[in-house]
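Okay, here's what each chain looks like letter by letter:
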Amino acid sequence: MLKIIFGDIDNSIYHPPTYFDNQYEDEWITDPLSIEMIRDIDKSEVISAHLIDSPILGPISPKEISGGVKTLMLMAFDESGKIFNASSCGDNCAKWIVEIGRRKDLTINLHHVLDFSSAGEFDAWMLNTGKMIHGYREYLEEALRIKER
Amino acid sequence: MKGKYHVMVQNNRIRYEFDIKRNITIIRGDSATGKTTLYSMIALAARLGDSSGIEVRCEKKCRTLDDLDWKLILPALHDHIIFLDEDNLFIKTTEFSRMVRESDNYFVIITREDLANLPYSVEEIYGIHAAGKYHGTKRIYNEFYHIYSFMDFPETVKPDEVIVEDSNSGYDFFHSVCDEHHIACKSAGGKSKIKDALQISNQGNVLVIADGASIGSEMNELFQYMKLHPDTKCYLPESFEWIILKSGLIDGNEVQEILSHPQDFIDSQDYFSWERFFTTLLIQYTQDTYLHYSKHRLNEVYLHDRSKMMILKVMEKIVLGD
């Protein structure tokens, strides 16, 4: 289940890409989910746990992948109980947040209204108001009512 | 600082080119478009110079600013273009907003957050996209694009209801025009309340009129609202005063010359955002004339038929009435 909370909260990592650089595990990089996310968002191919082939930057390390994908990988694999700031993710990450939320209980923190319009059908629990939303229209209506950012 | 500056940043693999022309520019957009790479390249070039292997070409010095010592560094910087990345929590603070207001630097901020404390223009919110390879080399050429590029309406807009951002002279004008044509018109009472006004509106085609020069912090949410409500449109001129200046009501070529490249006349240290400059300009040019302008209450001269027609003519493709 995907849970969304807007505004400043305890136990949140404000800049997940930095946290990722210092906490990621090699096996996260070669997980099939990561391979797909890196391919879709960064247009890059995972060669090994230590090497990614980027069409723009050439051969890069996992520390050079996009901040959005780093945040998604933390959401998918980190087990510290931290809540990650999904405002580090572009709108092109929204469908992957929904996908990770289907696989596990996922709480994300937002400091802006992420555009989930391309994420397909999804349900989420809006923790600021306690309301369950179904789909993008209900999400946006509820998000606009919430004042916390 | 005033003026428009071309910035070119490149290494062997990637090249960015863009123009900066206001005190605040925002970069946002999808992940993996090269925002952080641009920031890192500017940071490295500022720190290591030629040794970085990164070339930065700009008439003004470009540099970055960090969380750790920004309060000490910023007051000492003058005439710089300063780049800030999204990991800097201080960009949301009122203290940073105050320092930007007093600063003679331009700021380029990479963030998806709205930053309600900063009055930035809808025109200065950009994404980055790859425009191809540079002259057949392996170097990828990146440029900025407007994220919210819907200022020009493809078809005529004929609203059933008008929501005006402010409650001053601009509202007086539009309320009077709408009244004549039996169009509902209300004031949102400020840019942050436009969304609330929209949510209690059920009037078919709704037109929002707001100051484009400072509406930036509302754009992400307004844009998404409009995607779900295609009958809602936004008309975002710089400001109501800009429309009057543009209309030609004020004689002389000088005003039109200023409007054609305002960045060369607006000092960022004097004007936090451009709409304040246009208000000052209009007041100055109409002082002691029959067109005497006040921000708080509309001079009725602007509602006379000739004035009204000239002002409305500036609003291309918008029909208020029959």
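Residues numbered from 1 in each chain as written. Chains lettered and ligands numbered in written order. Predicted model: local features only at pLDDT ≥ 70, side-chain atom pairs only at ≥ 80, totals over all residues. Heavy atoms only, no water.

Q: Give me the lowdown on the overall build of chain B, citing residues and values where you can.
A: Scanning chain B from N- to C-terminus turns up ten helices and 13 strands. Taking 322 residues into account, the globule formula puts the C-alpha radius of gyration at 20 Å, and chain B, at 21 Å, falls close to it. Projected onto the principal axes, the alpha-carbon positions of chain B cover approximately 65 × 45 × 40 Å. Looking at chain B as a whole, 55% of its 322 residues are labelled buried. Across chain B, the fraction of contacts at a sequence separation of at least 24, relative to all contacts at a separation of at least 6, is 66%. Of the side chains in chain B, 36 bear a positive and 49 a negative charge, and the two mean positions are spaced by 5 Å. (Helix = DSSP H or I, 4+ residues; strand = E, 2+ residues; numbered from the N terminus. Rg over C-alpha atoms; globule rule 2.2 N^0.38 Å. Buried < 20%, exposed > 50% of the residue type's maximum accessible area, 1.4 Å probe, protein only. Contact = heavy atoms within 4.5 Å. Lys, Arg positive; Asp, Glu negative; His and termini not counted. Charge placed at Lys NZ, Arg CZ, Asp CG, Glu CD.)

Q: Got a sec to walk through the interface of chain B and chain A? Specific residues and values, please.
A: Contacts between the two partners involve 25 residues from chain B, matched on the other side by 31 residues from chain A. Together chain B and chain A conceal approximately 2500 Å² of surface at their shared face, both sides included; 51% is due to carbon and sulfur atoms. A per-residue breakdown of the area chain B buries against chain A is headed by B:Arg112, B:Gln224 and B:Leu228, which together make up 23% of the total. Taken together, chain B and chain A are joined by three salt bridges. The closest approach of N and O atoms between A:Arg149 and B:Glu221, which form a salt bridge, is 2.9 Å. When residues of the side of chain B that touches chain A are traced back to their parent elements, those giving at least two are helix H5 (194–199) and helix H6 (219–228) of chain B. The biggest single contributor to the side of chain B that touches chain A is H6(B), with six residues. Looking at side-chain class alone, the side of chain B that touches chain A contains six nonpolar, seven polar and twelve charged residues. (Buried area = accessible area lost by both parts, 1.4 Å probe. Salt bridge = Lys/Arg side-chain N within 4 Å of Asp/Glu carboxyl O. Nonpolar A, V, L, I, M, F, W, Y, C, P; charged D, E, K, R; others polar.)

Q: Account for the side chain of B:Glu113, with residues named and values stated.
A: Note that B:Glu113 resides in the loop between strand E7 (106–110) and strand E8 (125–133). Residue classification places B:Glu113 among the buried residues on the basis of a relative accessible area of 5%. Non-local contacts of B:Glu113, meaning those with residues more than four positions away in its chain, are made with A:Tyr14, A:His111, A:His112, B:Arg28, B:Lys92 and B:Tyr120.

Q: Lay out the sheet that holds strand E10 (residues 161–164) of chain B with the relevant residues and their values.
A: All names here are of chain B. Here we have four strands laid out as an open sheet, ordered E11-E10-E12-E13, and parallel in their pairing. Of all the strands in the sheet, the pair left with one neighbour each is strand E11 (184–187) and strand E13 (232–235). Strand-to-strand twist in this sheet, taken as the mean axis angle between neighbours without regard to direction, amounts to 20°. Across four bridges, the pairing between E10 and E11 is parallel. Looking at the pairing, Val 164 lines up with Ser 187 of E11. Running at roughly 165° to E11, helix H4 (residues 169–180) makes contact with E10, E11 and strand E12 (206–209) of the sheet. (Pairing = 2+ DSSP bridges. Axes fitted to C-alpha atoms, helices over the stretch in contact; angles between N-to-C directions.)

Q: Which residues make up the environment of B:Ile27, and what values do they have?
A: Residues and elements named next belong to chain B. Take Ile 27: it is sitting in strand E3 (residues 24–27). Along the sequence, Ile 27 and Gly 127 sit 100 residues apart, while their C-alpha atoms lie 5.6 Å from each other. Filtering out sequence-adjacent residues up to four positions away, Ile 27 remains in contact with Lys 35, Leu 38, Val 108, Ile 109, Ile 110, Thr 111, Tyr 126, Ile 128 and Phe 144.

Q: So what's going on with unusual backbone geometry? Residues and values would help.
A: Residues and elements named next belong to chain B. You will see that Asp 79, though not glycine, has its phi angle at about 60°, which is positive. On the secondary structure map, Asp 79 appears in the loop between helix H2 (70–73) and strand E6 (80–84). For Asp 79, a relative accessible area of 33% translates into the label partly exposed. Backbone geometry at His 182 places phi at a positive 55°, although glycine is not the residue there.

Q: Which residues make up the pairing of strand E4 (residues 51–54) of chain A, and what values go with them?
A: Here is the key point about a regular strand: its side chains alternate between the two faces of the sheet. Residue and element names in this part refer to chain A. Only one face of E4 is buried, namely the one carrying Ile 52 and Ser 54, since none of Leu 51 and Asp 53 on the opposite face is buried. Note that strand E3 (residues 45–48) and E4 share three bridges and pair antiparallel. For Val 46, the partnering residue across the bridge sits in E4 and is Ile 52. Hairpin geometry of E3 and E4 is characterised by an intervening segment of two residues between the two adjacent antiparallel strands. Bridging between E4 and strand E5 (residues 58–60) involves three bridges; their strand directions are antiparallel. Residue pairing across strands places Ile 52 opposite Ile 60, the latter belonging to E5. Where E4 hands over to E5, the hairpin turn is made up of three residues, counted between the paired strands.

Q: Could you give an account of the domain arrangement of chain B, naming the residues involved and the relevant values?
A: Residues and elements named next belong to chain B. According to the domain assignment, chain B contains domain 1 (5–146) and domain 2 (161–314). Relative placement of domain 1 and domain 2: their C-alpha centres are 30 Å apart. Between domain 1 and domain 2, the residue contacts involve 23 residues of the former and 20 residues of the latter. When the two sides are added together, the surface that domain 1 and domain 2 hide from each other amounts to roughly 1700 Å², 51% of it contributed by carbon and sulfur. In terms of surface lost to domain 2, no three residues of domain 1 exceed Arg 22, Arg 101 and Pro 119, which account for 32% of the buried area on that side. Viewed at the interface, domain 2 and domain 1 are joined by one salt bridge. With a shortest N-O distance of 2.8 Å, Glu 238 and Arg 22 are connected by a salt bridge. The interface formed by domain 1 and domain 2 includes eight residue pairs in polar contact (both at pLDDT 80 or more). With four residues, the single largest contributor to the side of domain 1 that touches domain 2 is helix H3 (residues 94–102). Residue classes in the side of domain 1 that touches domain 2 are distributed as ten nonpolar, six polar and seven charged. (Domains from an automatic or database assignment. Polar contact = N/O pair within 3.5 Å; in protein donor to acceptor, adjacent residues only side chain to side chain.)

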